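# Residue-level structure breakdown
Now for the letters of each chain:
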Amino acid sequence: MVKSLNQIRNDFPILDQKVNDEDLVYLDNAATTQKPRAVVEALAHYYYTDNANVHRGVHTLAERATADFEAAREKVRAFINARSTTEVLFTRGTTTSLNWIAASYGEKVIGAGDEIVISYMEHHSNLVPWQQLALRKKATLKYIKMTADGHLDMTDAAEQITDKTKIVAIAQVSNVLGVVNPIKALAKLAHEHGAIMVADGAQSLPNMPVDVQELDCDFLAFSGHKMLGPTGIGVLYGKEAILNEMPPIEFGGEMIDFVDLFQSSWKELPWKFEAGTPDISGAIGLGAAIDYLSAIGMANVQAHEQELVNYVLPKLLAIDDLTVYGPHDPAQHTGVIAFNLNGLHPHDLATGLDMEGVAVRAGHHCAQPLMKYLKVPATARASFYLYNTKADADRLVDAIVATKEFFKHGTV
Ligand code: PMP
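Rules used throughout
- Residues numbered from 1 in each chain as written.
- Predicted model: local features only at pLDDT ≥ 70, side-chain atom pairs only at ≥ 80, totals over all residues.
- Heavy atoms only, no water.
- Near = heavy atom within 4 Å.
- Polar contact = N/O pair within 3.5 Å; in protein donor to acceptor, adjacent residues only side chain to side chain.
- Areas by Shrake-Rupley, 256 points an atom, 1.4 Å probe, with all protein chains shown as cover.
- 1 Å grid on protein atoms, 1.4 Å probe; cavity = no way out; pocket = protein on both sides within 12 Å on 5 of 7 lines; lining within 4 Å.
- Sits in = over half its atoms within 2 Å of the grid points.
- Points joined across faces, edges and corners; volume = space filled by probe spheres on them.
- Nonpolar A, V, L, I, M, F, W, Y, C, P; charged D, E, K, R; others polar.
- Domains from an automatic or database assignment.
- Helix = DSSP H or I, 4+ residues; strand = E, 2+ residues; numbered from the N terminus.
- Contact = heavy atoms within 4.5 Å.
- Buried area = accessible area lost by both parts, 1.4 Å probe.
- Salt bridge = Lys/Arg side-chain N within 4 Å of Asp/Glu carboxyl O.
- Phe/Tyr/Trp six-rings, centres within 6.5 Å; stacked < 30°, edge-to-face > 60°.
- Pairing = 2+ DSSP bridges.
- Axes fitted to C-alpha atoms, helices over the stretch in contact; angles between N-to-C directions.
- Buried < 20%, exposed > 50% of the residue type's maximum accessible area, 1.4 Å probe, protein only.
- Parallel < 35°, antiparallel > 145°, perpendicular 65-115°, else oblique.
- Left-handed = near helix turned anticlockwise from the far one by under 90°.

This part covers the site of the ligand. Looking at the ligand, the residues that line it are Thr 94, Thr 95, His 123, Ser 125, Asn 175, Asp 200, Ala 202, Gln 203, Ser 223, His 225 and Lys 226. Note that an oxygen atom of the ligand is positioned 2.7 Å from one of the side-chain N or O atoms of Ser 223. With respect to the ligand, the side chain of His 225 contributes an N or O atom lying 2.7 Å from an oxygen atom. When isolated, the ligand has an accessible area of 390 Å², and the protein chains bury 84% of it. Spatially, the ligand is embedded in the largest pocket.

So, about empty space enclosed by the protein. Throughout the structure, instances matching the rule amount to one cavity of 30 Å³ or more. Looking at the largest cavity, its volume works out to about 70 Å³. Forming the boundary of the largest cavity are 14 residues, of which Asn 29, Ala 30, Gln 203, Asn 207 and Phe 384 lie nearest the centre. Tallied by class, the residues present in the lining of the largest cavity amount to five nonpolar, seven polar and two charged. Of the residues that make up the lining of the largest cavity, three or more belong to each of domain 1 (41-295) and domain 2 (297-409).

The omega angle of the peptide bond from Leu 269 to Pro 270 is 0°, so this bond is cis rather than trans. Relative to the elements of secondary structure, Pro 270 occurs in the loop between strand 12 (264-266) and helix 10 (280-296). In this structure, Glu 254 is a non-glycine residue whose phi angle is positive, near 75°. Tracing the chain through its elements places Glu 254 in the loop between helix 9 (240-245) and strand 11 (256-259).

If you check the domain split of the protein chain, you get domain 1 (41-295) and domain 2 (297-409). On a C-alpha basis, the centroid separation for the pair domain 1 and domain 2 is 29 Å. With 32 residues of domain 1 at the interface, the matching set in domain 2 holds 28 residues. Broken down residue by residue, the surface that domain 1 buries against domain 2 is led by His 124, Val 176 and Asn 207, which jointly contribute 25%. For the pair domain 1 and domain 2, the number of links is zero salt bridges. Examining the composition of the side of domain 1 that touches domain 2, we find that four residues originate from one element, helix 10, more than from any other.

Applying the stated rule across the entire model yields eleven aromatic pairs. In textbook terms, an aromatic cluster arises when at least three aromatic residues are bridged by ring pairs, as seen for Phe 12, Tyr 292, Tyr 385 and Tyr 387.

Before going further, it helps to examine the sheet that holds strand 16 (residues 361-363). Taken in spatial order, the four strands make up an open sheet running 13-14-17-16, and their pairing is antiparallel. The open sheet is flanked by strand 13 (322-324) and strand 16, the only strands paired with a single partner. On average, each strand axis in the sheet is inclined to that of its neighbour by 30°, with strand direction left out of account. The sheet contact formed by strand 16 and strand 17 (residues 379-383) spans three bridges and is antiparallel. Residue Gly 363 lies in a different strand from strand 17, and its bridge partner there is Thr 379. On top of the sheet, helix 14 (residues 390-409) reaches strand 13, strand 14 (336-341) and strand 17; it is set at about 15° to strand 14, its chief contact.

Time to look at the pattern of salt bridges. Summed over the entire model, instances satisfying the criterion amount to 22 salt bridges. The closest approach of N and O atoms between Lys 166 and Asp 114, which form a salt bridge, is 3.3 Å. Of the two residues, Lys 166 is situated in strand 7 (residues 165-171) and Asp 114 in the loop between helix 4 (94-109) and strand 5 (115-119); the sequence distance between them amounts to 52 residues. We classify Lys 166 as partly exposed; its relative accessible area is 25%. Look at Asp 114 and you get buried, because its relative accessible area is 14%. If you follow the salt bridges from partner to partner, you end up with Asp 28, Arg 361 and Arg 381 in one network.

Across the interface, helix 4 lies against helix 5 (residues 128-137) with an axial gap of 9 Å and an inter-helix angle of 25°. Comparing the axis directions of helix 4 and helix 5 gives the class roughly parallel. Judged by the twist between their axes, the crossing of helix 4 over helix 5 is right-handed. Listed contacts from helix 5 to Leu 98, Asn 99, Ile 101, Ala 102, Gly 106 and Glu 107 of helix 4 are Pro 129, Trp 130, Leu 133, Arg 136 and Lys 137. Here the contact of helix 4 with helix 5 is composed, by residue class, of six nonpolar, two polar and three charged.

Right, dumping it as structure tokens:
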């Protein structure tokens, strides 16, 4: 890495604090990541020096704000290797991006009897919009099964995706099982049947290099806040030819070309979809986050997380009574690790870990159908990121063991 791990940690002042008298170990990165100084400073700089509304003004601040906002779009384009900035729409996050596809493309293309194919491991954001679209249109929602160790079953995928399928929508990385799904192979399968491929990149964009041309997905949705950026900003990538055919979802200022009393026309891409004042500072903050990640290099980010997984997964698997979900081979597992301590509710486990200063999440992780599939009500989940260390991994393991002992004997 161009920066040492210590230098990286110094960029995140929030990490340097005590929680319950212990040094904080932040392992809830799949929910949201911390923000480096560069991102917070980009937001401050924008508000202190350039703040103005975009696109409409001719005065200097408006021109600067517009240039910064559109420069952020170009940073996103380069980060995902889209062909053009016309293919990069700013949204509020992954959830909004996926809802936009369902509301515009889905509403236009899906008819009675058509199929939408997703999987059992989808986050509610990549499930409920399709479920509701299917209900509205009397279409069929189909689920691709998983293998015993939590991978997408590609044999079943080949059976579920048929000539009736219009949309295949799958997470590139699961937010529970820590598996990477083969979006490129799924896109090929979808295209062979005349369907389009939607990739939910909420958990992949922060952690690995993603190239939309290489994947050949038709849409990609992701959130800024999970990749060091601010909350409230996200991206919908779509192939230009498809976006051009799609009707706008919202109407109002910024997205119109010409408004007459009884009809209107729309701006060209990408602004056709961005009605109203956008999250200007959010986009600029996301641009700063992308600069930060790009300077480190996404291959390095991924390699660092892999090293942590190689280190921690065998230690977790060695704890008696701990069930780890997803593949047990570290080489097949990303930095998202879900687990349960037998006999203990995951909320009690997470509370026990918090007592030790270790922040993890517990619950259904917005994946209730997956919990049902795994036959568990909920799990605890630790998720590692570029600023985590092997010492953090040790603290997690020690805190799990201490919590287990506490609930067994009533003392730590
Ligand atoms: N998809 C996946 C796989 C996720 O992990 C998340 C966030 N937990 C989302 C979608 C939704 O992201 P957001 O809440 O930022 O819209």
